[in-house]
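As a plain string of letters, each chain reads:
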Amino acid sequence: MSASYPVTIGLEVHCQLTSLKTKLFCSCPADYRGKPPNTHVCPVCLGLPGSLPVLNRKAVEYAVMAALALNCKLNRRCILVRKNYFYVDMAKNFQISMYEKAGGSPIGVDGYITINVDGQKKRIGIYRIQLEEDPARLVHMGPIDLSPYTLVDYNRSGIALLEIVTKPELHSPREARLFLQKLRSILEHLGIFDGSLEGSMRCDANISIQGGGRVEIKNISSFKEVERALNFEISRQTELVKKGLSVERETRHWDEARRITITLRAKEEEYDYRYFPEPDLLPVDLTDEFIESVKAKMPELPDARAERFIKQYGLPEYDAAVLTGDKALADFFEACVKNYPDAKKVSNWIMGDLLGVLHELDMDLNESKITPDLLVEMLKLIDQGVISGKIGKYLLPRMVKEGKRPSEIVAESGLTRLADRASLEELVEKVFRENPKAVKDALMDEKAIHFLIGQVMKATRGRADPQITNELVRSKLAELKSKQIHVEV
Ligand code: ZN
Ligand code: MN
């Protein structure tokens, strides 16, 4: 990577409150995904003249929960504002939002999230968290700059969003990803958000390298894409600065398919939005009573859960942080440990092997078919000596892809562990006969025996018991050695 210039990154994240049944200002259903376009609409979310918004109380509750979880100071009186702009994705020509100027105020300010960067805890400051409405979904035919036309689906218009703005305290694309993962885990623990839904977390990123202007990348569709988009932008900006060219202050679009950023427009200024208080909605006054009732409902959050994993299961801090960094993963872990108390073993299999397989298949745990039951069954098969650990690793991808029981795969494909000494001994003899050069090496150099063991494993497709194989290969070598000495004497 070309991070030769110091990098400064700030994020503006939009998360849908996916647990809400209805939109932010009307009673249209909020589950718009996969529905026929423009069917979840009404005069309010279509912005028809004369329609009046009514604020969703549950959305305020969720936003307060989120603000508390992100360590923000709550504003006791929140005034909604109009952010004016002209674009097809907002039929009213303004978005109802919160804002800290023009008489408005966001629900929470001045918070932080702690992320774990290579074992170091780092606090990332949060400017503000606010509630606002989602614009309609625009569908382009192919790349945005080449699309001959644009389709608009107002089903998404008016969905409740949290906007979360960080301070420019992130210094690498990886830190940005870690921040978003942690944010996702916190919101998922609160039960107000499901990050596995397409487009539920979208991100704009401000990025500058020393000596260049600040560039905003718009509409990065998922947190997986954030790291890619930022890495691209760092290379692009670094190239410009190296050539002595200036990095223009502008807004760029991340093209996921082509994996490049492209110029959208020169950056608009805040005053272009002509913010003013929304005349159709009353200020939101958060009473002590309301805040206390929300506090009483706050569930266990990732940091507290990590502490508990360390105490309750004796996990190292690193394991606890990785597992609780993803709610689905932490839930999976705890469900396994219920039926298989060796917590460290479970954690090793999840963090090493399972995450590896998911990464290879580019899958979320939620999308995969493996269940805690299946993993526990596999661990028990290994403990009972029915299969080797190596076969376990081999079974995992099929459990993830097909949700098949490990015992079934084993029975079907005859993958049980080979522990029969006599037949393994025969196999060792054969491997020795066929690999005289390797035997000679192994007689001189202890380390070379792994090749011979590997050949036995290969011949049995990993079914040979590693311990017994190891013993047999070693004793065979010792036998040869003693003969050799005997001959030479
Ligand atoms: Zn509506
Ligand atoms: Mn926004």
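Above: the structure in question.
If you're wondering where the values come from, they're calculated on a predicted model, not measured in any experiment.

What to know about the coordination of the zinc ion (ligand 1)
Consideration 1: For the zinc ion (ligand 1), the protein coordination sphere consists of Cys26 (SG), Cys28 (SG), Cys42 (SG) and Cys45 (SG), at 2.3 Å.
Consideration 2: Between consecutive donors of the zinc ion (ligand 1), the numbers of intervening residues give the motif C-x1-C-x13-C-x2-C. Remark: Cys45 occurs in the loop between β1 (7-16) and α1 (57-69) and Cys28 occurs in the loop between β1 and α1; sequence separation between them is 17 residues.
Consideration 3: We classify Cys28 as buried; its relative accessible area is 7%.
Consideration 4: Residue Cys45 is classed as buried on the basis of its relative accessible area, which comes to 6%.

Remarks on the packing of helix α13 (residues 436-444) against helix α14 (residues 449-459)
Consideration 1: Where α13 meets α14, the closest approach of the two axes is 8 Å, and the angle between their N-to-C directions is 135°. Comparing their axes, α14 and α13 come out oblique. Residues Ala438, Val439 and Ala442 of α13 form the contact with α14, whose participating residues are Ile449, Phe451 and Leu452.
Consideration 2: Its residues assigned to classes, the contact of α13 with α14 comprises 6 nonpolar, no polar and no charged.

Quick look at the coordination of the manganese ion (ligand 2)
Note on metal geometry: ideal angles are 109.5 degrees for four donors arranged tetrahedrally and 90 or 180 degrees for six donors arranged octahedrally.
Consideration 1: Protein coordination at the manganese ion (ligand 2): the donors are His14 (NE2), Glu132 (OE) and Glu163 (OE), at 2.0 to 2.2 Å from the metal.
Consideration 2: One chain supplies every donor to the manganese ion (ligand 2), and in sequence these donors are spaced H-x117-E-x30-E. With His14 in strand β1 and Glu163 in strand β10 (residues 160-166), this residue pair connects regions lying 149 residues apart in the sequence.
Consideration 3: Judged by relative accessible area, which is 3%, Glu163 ranks as buried.

Some points on the nonpolar core
If you look at soluble globular proteins, the nonpolar side chains tend to sit buried side by side.
Consideration 1: One finds Leu11, Ile107, Leu162, Phe179, Leu183 and Ile192 to be the most contacted residues of the largest nonpolar core, which totals 77 residues.
Consideration 2: Top contributing element to this core by residue count: α1, with 10 residues.
Consideration 3: If we skip the residues at most four places from it in the chain, Leu11 touches Ile164, Val165, Thr166, Leu170, Ala176, Phe179, Leu180, Cys203, Asp204 and Ala205.
Consideration 4: Listed in part, the 38 residues of the second largest apolar core include Leu329, Val337, Leu381 and Val410.

Thoughts on the packing of aromatic side chains
Consideration 1: On inspection of all chains with the given rule, the structure shows 6 aromatic pairs.
Consideration 2: Each ring, one from Phe309 and one from Tyr313, has its centre 5.4 Å from the other, and the planes form 70°; the classification is edge-to-face. On the criterion of helical spacing, the pair formed by Phe309 and Tyr313 is a turn pair, its members being 4 residues apart in helix α5 (residues 302-313).
Consideration 3: Overall, the relative accessible area of 0% leaves Phe309 in the buried class.
Consideration 4: Arranged with centres 5.2 Å apart and planes meeting at 85°, the rings of Tyr313 and Phe333 form a pair that is edge-to-face. Of this pair, Tyr313 sits in helix α5 while Phe333 sits in helix α7 (residues 327-339), placing them 20 residues apart in sequence.
Consideration 5: We classify Phe333 as buried; its relative accessible area is 0%.
Consideration 6: By way of ring pairs, the aromatic residues Tyr99, Tyr273 and Tyr275 are connected into one cluster.
Consideration 7: Residue placement shows Arg82 over the ring face of Phe94; its charged tip is 3.9 Å from the ring centre.
Consideration 8: A cation over a ring is seen here: Arg123 above Tyr112, with NZ or CZ 3.8 Å from the ring centre.

So, empty space enclosed by the protein
Consideration 1: Within the structure shown, the criterion is met by 1 cavity of 30 Å³ or more.
Consideration 2: There is about 40 Å³ of room inside the largest cavity.
Consideration 3: Lining the largest cavity, in full, are Lys23, Leu24, Phe25, Cys26, Val44, Cys45, Lys92, Glu133 and Gly158.
Consideration 4: Considering only residue class, the lining of the largest cavity consists of 5 nonpolar, 1 polar and 3 charged.

Notes on the pairing of strand β4 (residues 80-84)
Consideration 1: Here β4 lies mainly inside the structure; 5 of its 5 residues are buried.
Consideration 2: By the alternation rule, side chains of β4 split into Leu80, Arg82 and Asn84 and Val81 and Lys83, which are all buried.
Consideration 3: With 5 bridges connecting them, β4 and strand β5 (residues 94-98) associate as antiparallel partners. Bridged to Lys83 within β5 is Gln95.
Consideration 4: Of the pairings in the sheet, the one linking β4 to strand β15 (residues 276-277) comprises 2 bridges and is antiparallel in character. When the sheet's bridge partners are listed, Arg82 is paired in β15 with Phe276.

Criteria and thresholds
Residues numbered from 1 in each chain as written. Chains lettered and ligands numbered in written order. Predicted model: local features only at pLDDT ≥ 70, side-chain atom pairs only at ≥ 80, totals over all residues. Heavy atoms only, no water. Donors = N, O, S within 2.8 Å, 3.2 Å for Na, K, Ca; no water. Helix = DSSP H or I, 4+ residues; strand = E, 2+ residues; numbered from the N terminus. Buried < 20%, exposed > 50% of the residue type's maximum accessible area, 1.4 Å probe, protein only. Axes fitted to C-alpha atoms, helices over the stretch in contact; angles between N-to-C directions. Parallel < 35°, antiparallel > 145°, perpendicular 65-115°, else oblique. Contact = heavy atoms within 4.5 Å. Nonpolar A, V, L, I, M, F, W, Y, C, P; charged D, E, K, R; others polar. Core = buried A, V, L, I, M, F, W, Y, C linked by side-chain atoms within 4.5 Å. Phe/Tyr/Trp six-rings, centres within 6.5 Å; stacked < 30°, edge-to-face > 60°. Lys NZ or Arg CZ within 6 Å of the ring centre and 35° of its normal. 1 Å grid on protein atoms, 1.4 Å probe; cavity = no way out; pocket = protein on both sides within 12 Å on 5 of 7 lines; lining within 4 Å. Points joined across faces, edges and corners; volume = space filled by probe spheres on them. Pairing = 2+ DSSP bridges.

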